[in-house]
Structures are given as structure tokens and as C-alpha cells.
Protein chains: 2
Amino acid sequence: MPLPQTEIPGRLQTQLAERGIRMTGPRRAILSVIETATRHLDASQILRKARTVDASVDRSTVYRTLDLLKRQGLIDELDLMHLNGEGHYYERKLGRDHIHMACLRCGKITEFVSRTFESLKKQLERDCHFHILVARLEVGGYCSACRR
Amino acid sequence: MPLPQTEIPGRLQTQLAERGIRMTGPRRAILSVIETATRHLDASQILRKARTVDASVDRSTVYRTLDLLKRQGLIDELDLMHLNGEGHYYERKLGRDHIHMACLRCGKITEFVSRTFESLKKQLERDCHFHILVARLEVGGYCSACRR
DNA sequence: CGCTTTTTGCGACTCAGTCGCAAGAAGAAG
DNA sequence: CTTCTTCTTGCGACTGAGTCGCAAAAAGCG
Ligand SMILES: [Mn+2]
Ligand SMILES: [Mn+2]
Ligand SMILES: [Zn+2]
Ligand SMILES: [Zn+2]
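This structure is a prediction, so every number in the text was calculated from the model and none was measured. (Residues numbered from 1 in each chain as written. Chains lettered and ligands numbered in written order. Predicted model: local features only at pLDDT ≥ 70, side-chain atom pairs only at ≥ 80, totals over all residues. Heavy atoms only, no water.)

A few points about the sheet that holds strand β1 (residues 41-42) of chain B
To be explicit about the condition: If DSSP finds at least two bridges between two strands, the strands pair. Where helices and strands are cited, they refer to DSSP runs of H or I of at least four residues and of E of at least two residues respectively, numbered from the N terminus.
Strands sit in the order β1-β3-β2 (chain B) across an open sheet of 3 strands; the sheet is antiparallel. The strands lining the two open edges of the sheet, one partner per strand, are β1 and β2 (75-78) of chain B.

A look at the coordination of the manganese ion (ligand 1)
Just so we agree on the cut-off: For Na, K and Ca the donor cut-off is 3.2 Å, and for all other metals it is 2.8 Å, counting N, O and S atoms only; because water is absent from this set, sites may look incomplete. Think of it this way: with four donors and all angles in the 85 to 135 degree range, the site is tetrahedral; with four or six donors, opposite ones beyond 155 degrees and the rest between 65 and 115, it is square planar or octahedral; otherwise it is irregular. The cut-offs for exposure are 20% and 50% of the maximum accessible area for each residue type, with area from a 1.4 Å probe on protein chains only; residues under the lower value are buried, those over the upper are exposed, and the others partly exposed.
At 2.5 to 2.8 Å from the manganese ion (ligand 1) lie its protein donor atoms, namely D79(A) (OD), D79(A) (OD), H88(A) (NE2), D79(B) (OD), D79(B) (OD) and H88(B) (NE2). Each of the 6 donor atoms around the manganese ion (ligand 1) contributes to a set of angles spanning 48 to 143 degrees, which defines the coordination as irregular. Linking D79(A) in the loop between β2 (75-78) and β3 (89-92) with D79(B) in the loop between β2 and β3 (89-92), this pair reaches from one chain into another. Exposure remark for D79(A): the relative accessible area of 1% places this residue in the buried category.

Let's talk about the coordination of the zinc ion (ligand 4)
Residue and element names in this part refer to chain B. The protein atoms donating to the zinc ion (ligand 4) are C103 (SG), C106 (SG), C143 (SG) and C146 (SG), with metal-donor distances spanning 2.2 to 2.4 Å. Considering all 4 donor atoms around the zinc ion (ligand 4), the spread of angles at the metal, 105 to 114 degrees, places the coordination shape in the tetrahedral class. We note that the donor set of the zinc ion (ligand 4) lies within a single chain, spaced as C-x2-C-x36-C-x2-C. Here C103 falls in the buried class, since its relative accessible area comes to 0%.

A word on the protein's contact with DNA strand C
To keep things clear, this is the line we draw: Each residue is tested against the molecule or strand, and it is near if at least one of its non-hydrogen atoms lies within 4 Å. The definition of a polar contact used here is a pair of N or O atoms within 3.5 Å, where within protein one atom must be able to donate a hydrogen and the other to accept one, and adjacent residues in sequence count solely through side-chain atom pairs. Polarity classes work like this: nonpolar for Ala, Val, Leu, Ile, Met, Phe, Trp, Tyr, Cys and Pro, charged for Asp, Glu, Lys and Arg, and polar for all others, with Gly in that last group.
As a matter of local geometry, DNA strand C sits amid 22 residues, with R22(A), T24(A), T61(A), R64(A) and H88(B) nearest to it. The share of sugar and phosphate among atoms of DNA strand C within 4 Å of the protein is 62%. S60(A) is positioned such that a nitrogen or oxygen atom in its side chain is 3.3 Å from a base nitrogen of DNA strand C. Within the side chain of H88(B), a nitrogen or oxygen atom sits 2.9 Å from a phosphate oxygen of DNA strand C. Among the secondary structure elements, those contributing two or more residues to the surface near DNA strand C are α2 (25-36) and α4 (59-71) of chain A together with α4 (59-71) of chain B. Residues that form the surface near DNA strand C fall into these classes: 5 nonpolar, 8 polar and 9 charged.

Here's the deal with helix α5 (residues 115-128) of chain A
Residues spaced three or four apart along an α-helix face the same direction, because each turn holds 3.6 residues. Residue and element names in this part refer to chain A. For the record, the criterion: Residue count minus one, scaled by 1.5 Å, sets the expected span of a helix.
Taking 1.5 Å per residue, 14 residues should reach 20 Å; α5 reaches 20 Å between its end C-alpha atoms and fits that length. Of the residues making up α5, those classed as buried are T116, F117, E118, L120, K121, Q123, L124 and C128. The N-capping residue of α5, defined by a side-chain oxygen 3.1 Å from the backbone nitrogen of T116, is S114. Among the residues trailing α5, H129 stands out with phi positive, at a value near 50 degrees.

Right, here's the structure in full:
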């Protein structure tokens, strides 16, 4: 399940530097894991992968870095319908948002970019006088292979 | 923040009965709490309120009943942007879905029913051959009172 | 280098949600 | 209304995600 690439990858570090945020070994390890991920990772998977780069990285540093990236609007947090436990999944936030569809039978995650979704967000901002910082549309149901 | 009422309330019990599901004291207590709720409740709030009806209700019965209602498609589970911890919120599922907007400054939850949202779901089902059972759109940002 | 500020690892902790089990209640059938 | 099966419950112990306070370490800047 490849993520739609609508921006030059590999620049999470730069984006943090531009905002005057300190760069450290553990952070570099975690950022590189998120940047090179080809699927949605949860915190413990990010920890495990980050440790292959810098073995000393701690679990709480992963959570703290994820918080930082969320606050900076550089990653999105997903539930993916809690198909596997109660944890959350993370992915880099790129140009336009996309929708996540989770198949409740086979677990497949499908991503979808939609112009209608973009209009809907604009409509919300206009009609509700709400300034959107993050929008998450997650759908559960049956994928094309699993529906009867 | 009143919930949009697009169906006759008070019928959760009947809907379970129609599906041949056993009715018990604890269940009745929990269902009545959910049915009469005027805002989004988390599991521990549901437990506390249910205990005022039937003092013996246990925490795990609340979780088991919430699971049942989710599986039956009678309630929706929400994150509300995790403004207060990691728990989930529940609300009865009525005729049409609505969008939840959470203000990251004041915590206000705004609900919004949108025709565009309904079209978006139809479009998803058509274009992705995906059979939608549950759709959750949650937005975080600043409400009209809090935006500068 | 020396100083200030931020970040880190660690370990202990909280809190949401789960599970196995034996006892209890629902409902169907007679 | 009794019997029988099946489902549900309370309980208590448990798991796993995420948090926190702290003292040590590292970043960045002049
Ligand atoms: Mn969640
Ligand atoms: Mn609602
Ligand atoms: Zn599937
Ligand atoms: Zn607000």
C-alpha cells in the first residue's frame, strides 16, 4: 500500500531546521524511519526501526518526537478503524490530504485522494467559520475483493 | 451541543430485540444512558451513569455492550481529536452521519450535517468499489470564537 | 570553550481496554 | 413453572499504549 507522494521526500529534517528546532541523533533516526516508510507505522514499529539506526533510542523519545511532528503539522495520526488493537498509526503529511478506507474483513488499507473532499473542507471552513488544521476521514467496510 | 435527532429516540432496545439479541438489566441501563445522552460520552462516563440505574454494572460489561452496539452498527465511536486523553467517545448512530469539528483551543465540539459528505461517500463506494459500513470525519482546528 | 536551553534515557506510573472463568440470568421448549 | 441450553455478567488479574519527573547528556550559540 504505497503512500501518494506529492512532495519531494527526505526533507522532514529541513522543515524542522527551518523552524529553529534542534536536531539530534534520535530525532534523525526517527525522522528517517517516517520518511522512508512505505506503509502506516505505529509507535512501536517506529521504535523498532529507529533502533536499527540508533540503538539507544527510547520509547518515550519516539512518543515525544511524534508529538512534536503532530504539533508542527508534519505528520498525521490515524486510527485505521483500530483493526489491530488500540494504537495509532502515523504517516507523513504531504500536499493534499487523503482518505483512508479499512477493510473490516481482510484488513487492507486503501488510500484515496478526492477533489470532493477538498471542497467539503472548504465548505466547512466557510459555513462553520472554522479554521481547519487537520482533517481525518476514515472509512470502514468491505473492499472490492471482500464484498459479496 | 445537542445531537441531531433524525430518528425516533428510545428504540435501541427494540432494535436489538428485532435482531434476536438478549435483553438484560445491565444492558437496559447502558442503552438508556446512550439513548438519553445529550453529549458525547466516554466509557467511564457511561459506566458512572449506568450505575445510577443499576448499581451492579461492571466496567467490562460496558465495554462488551459498546462492542456489541458497534458491531450492530447502532453506535459510532469517535476520537474527538483526543482532546482529553486517549479514550473514545460514543454516540447513537442516527439517520445521516455528521462531521465532528473539535476546537484545539477551547475544546468545543461542533457537529455538521453535509450533503457534500453524503456525495463523497457515494463517490467512494462507486469509484473504489468499497462497501462503506462506517465513515468518520473528524476535524481539528480553531472554532469561530477562537480563531484570530 | 563555556553557558544556557533543550532533549534524552530511564523507570515508574496511569489509564483504557481485554480476558478467562465460574456463577447467574434469559429465553425456548415442554 | 420447571428444565435445559446458551448467552451474559461480575470479578480480578492482566496487557499495552502512552505519560511523567528527573538527572544526565547533548545542541547550539557566541
Ligand atoms: Mn483512537
Ligand atoms: Mn456527534
Ligand atoms: Zn478486504
Ligand atoms: Zn474554540
